[in-house]
Amino acid sequence: MLSAAHDIIKQFNPSDESEESSSGRNCHLVSTGAILLADVLPSLFVKILMPFFPFWVNFRIALAVAFSAAGFLLVGFANAEWMALLGVIITSASSGIGETTFLAYSSRYNKNVISTWSSGTGGAGVIGSLSYASLRSLDFSPRDTMLIMLIFPAIEAFAFWLLLRRPQVDILPVTTVESTEVLISDEKPLVGFKEKLSYIKHLFKYMLPLCLVYFFEYFINQGLFELVYFEDIFLDKDSQYRWLNVDYQIGVFISRSSVNLFQLDKIWLMSIFQFVNVVYFLTEVIWWYTPSIWIVFAIVLWEGLLGGGAYVNTFYRMSKEISPERQQFAMAMVVQSDSYGIALAGFLAIPVHNAICGLPAATRSLVW
């Protein structure tokens, strides 16, 4: 959906580009940040509620699959902007249901499942963005592309109900003790809304750095990517946006697949590096000083590596540091963090994008 954001806006606002030509910048008044908000706010809402609901895993996944298919159909057949946005919203809800459910379900498996789960989410980004960019390059329409994407909800259902091995015992893990003493308070499973709410403060050390990393990177992706433009090269403007998204997702996939080879506990370090990326892209879209799009591709790859690395290392740390009895709730809570950051980025991206659109266009003095 985020890779398609530029096309979704463009098909309902065909006059945007000519209206913007007076400023000398070729950009839409409605930024792709608007699609980002439609894509993340429902997911965030779902993620906030899910940890407090019964863990009916089969019902949740059935709901996620149905919502995903409905979202693609709505966007594919949309004849008005509200209908397309509704499709994005429903797909977002599907994502929120699936992510909280699968990540919480991982607590019933070996901790290496965190690595394979994260690698899968990274692969999803690459496959989603690459398939969209490739199909559009082959002159498939946005509608036909969305309908082709219906294969993915079907694959999700097949993978969960037919391929995935069930835990040997479908209950929460129990810590073995050598005596009959009651488990110490810190290791007891969380029971009741009040106890769960009280425990959240212990998760802030995981949530804050992850939130910051995703705030910075999605501010770049949905507020500034669209304004990065190189004239007279092998890619047109729309293609540049799509392939920058593919490049970013490749970085995410590589880093989310790396935790068994390389671990980093200092997640806050990644948020600092990501802020440096924000400074670069903000100055680049204002002054257009980068001589080659290949430099931008390299920095975007680095941005993806930071985002994916923060995600997988956060949950890998949790799988080692939090007792099995509390992992299901803890992971379902911490997975909200990236959505908080992404939502804030969407709100900030819209006014910043529109402010930059109003600036006189810069000229790129050197291109190679």
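Residues numbered from 1 in each chain as written. Predicted model: local features only at pLDDT ≥ 70, side-chain atom pairs only at ≥ 80, totals over all residues. Heavy atoms only, no water.

Looking at an unreviewed UniProt entry, one finds the protein chain named Battenin and attributed to Drosophila sechellia. Per UniProt, the comment on the protein chain under Sequence similarities (unreviewed entry) is "Belongs to the battenin family." (UniProt positions renumbered as here; feature names shortened; annotations may be inferred.)

> Help me out: how do you make sense of helix α14 (residues 324–334) in this one?
Residues lying three or four places apart along an α-helix face the same way, a consequence of the helix completing one turn every 3.6 residues. Of all eleven residues making up α14, ten are buried, and the element is well covered by its neighbours. Restricting attention to buried positions, one finds in α14 the residues Glu325, Arg326, Gln327, Gln328, Phe329, Ala330, Met331, Ala332, Met333 and Val334. (Buried < 20%, exposed > 50% of the residue type's maximum accessible area, 1.4 Å probe, protein only. Helix = DSSP H or I, 4+ residues; strand = E, 2+ residues; numbered from the N terminus.)

> What am I meant to see in the pattern of salt bridges here?
It is possible for side chains bearing opposite charge to pair when their charged atoms get close. Counting across every chain of the model gives three salt bridges. Across the salt bridge formed by Glu99 and Lys47, the nearest N and O atoms sit 2.8 Å from each other. Taken together, the residues Glu99 in helix α5 (residues 81–105) and Lys47 in helix α3 (residues 32–49) connect sequence positions 52 residues apart. Across this residue pair, the class does not change: Glu99 and Lys47 are buried. For Asp338, the salt bridge goes to Lys47, with nearest N and O atoms at 3.4 Å. Here Asp338, found in helix α15 (residues 336–357), pairs with Lys47, found in helix α3; they are 291 residues apart in sequence, far enough to count as distant. A single burial state applies to Asp338 and to Lys47, both of which are buried. Salt bridges linked by common partners bring Lys47, Glu99 and Asp338 together as one network. (Salt bridge = Lys/Arg side-chain N within 4 Å of Asp/Glu carboxyl O.)

> Explain the nonpolar core to me, please; I cannot follow it from the model alone.
Across soluble globular proteins, nonpolar side chains have a tendency to be buried as a group. In terms of nonpolar packing, the biggest core is built from 72 residues, with Leu203, Phe281 and Phe315 touching the most fellow members. Here the element with the most residues in this core is helix α13 (residues 293–321); it accounts for twelve residues. In this view, Phe315 contacts Leu103, Ile114, Leu210, Met331, Val334 and Val335; residues no more than four positions away in its chain are not counted. By size, the runner-up hydrophobic cluster in this structure holds 15 residues, among which are Met1, Ile8, Ala78 and Ala84. (Core = buried A, V, L, I, M, F, W, Y, C linked by side-chain atoms within 4.5 Å. Contact = heavy atoms within 4.5 Å.)

> It is not clear to me how the UniProt feature "transmembrane region" (unreviewed entry) in the protein chain should be interpreted in this structure. Could you clarify?
The positions UniProt marks with the feature "transmembrane region" (unreviewed entry) are residues 57–78, 84–105, 117–135, 147–164, 203–220, 267–287 and 293–316. Annotation note: span residues 84–105, helix share 100%, strand share 0%, distance between end C-alpha atoms 32 Å. Helix makes up 100% of residues 117–135 and strand 0%, with an end-to-end C-alpha separation of 26 Å.

> For this particular structure, what's the right way to read the environment of Arg256?
Of note, Arg256 is situated in helix α11 (residues 237–256). Judged by its relative accessible area of 8%, Arg256 falls in the buried class. Expressed as a C-alpha distance, the spacing of Arg256 and Gly120, which sit 136 residues apart in the sequence, is 8.2 Å. Leave out the neighbours within four places in its chain, and Arg256 touches Ser115, Ser118, Ser119, Thr121, Gly122, Tyr214, Gly308, Tyr311 and Val312. There is a polar contact of 2.4 Å between the side chain of Arg256 and the side chain of Tyr214. (Polar contact = N/O pair within 3.5 Å; in protein donor to acceptor, adjacent residues only side chain to side chain.)

> Explain α5 to me, please; I cannot follow it from the model alone.
Along its 25 residues, α5 runs 36 Å from first to last C-alpha, staying within 8% of the 36 Å computed at 1.5 Å per residue. In terms of burial, α5 is a largely internal element, 18 of the 25 residues being buried. (Expected span 1.5 Å × (residues − 1).)

> Which parts of the structure should I look at to understand the packing of α11 against α13?
The geometry of a pair of packed helices is captured by two quantities: the angle between their axes and the separation between those axes. Interhelical geometry of α11 versus α13 gives an angle of 40° and a closest axis separation of 6 Å. On the basis of their axis angle, the class for α11 and α13 is oblique. Viewed along their axes, α11 and α13 form a crossing whose handedness is right-handed. Of the residues contributing to the contact of α11 with α13, the split by class is 15 nonpolar, six polar and three charged. (Axes fitted to C-alpha atoms, helices over the stretch in contact; angles between N-to-C directions. Parallel < 35°, antiparallel > 145°, perpendicular 65-115°, else oblique. Left-handed = near helix turned anticlockwise from the far one by under 90°. Nonpolar A, V, L, I, M, F, W, Y, C, P; charged D, E, K, R; others polar.)

> Sorry, what's going on with the layout of surface pockets here?
Rolled over the atoms, a probe as big as a water molecule pinpoints where empty space is left. Of the voids in this model, the second largest pocket is the one considered here, and its volume is about 260 Å³. Along its surface, the second largest pocket is lined by 17 residues, and Pro51, Phe55, Lys196, Gln328 and Phe329 are the ones closest to its centre. Elements with a minimum of two residues in the lining of the second largest pocket: α5 and α14. Top contributing element to the lining of the second largest pocket by residue count: α14, with five residues. The residue makeup of the lining of the second largest pocket, split by class, is eleven nonpolar, two polar and four charged. (1 Å grid on protein atoms, 1.4 Å probe; cavity = no way out; pocket = protein on both sides within 12 Å on 5 of 7 lines; lining within 4 Å. Points joined across faces, edges and corners; volume = space filled by probe spheres on them.)

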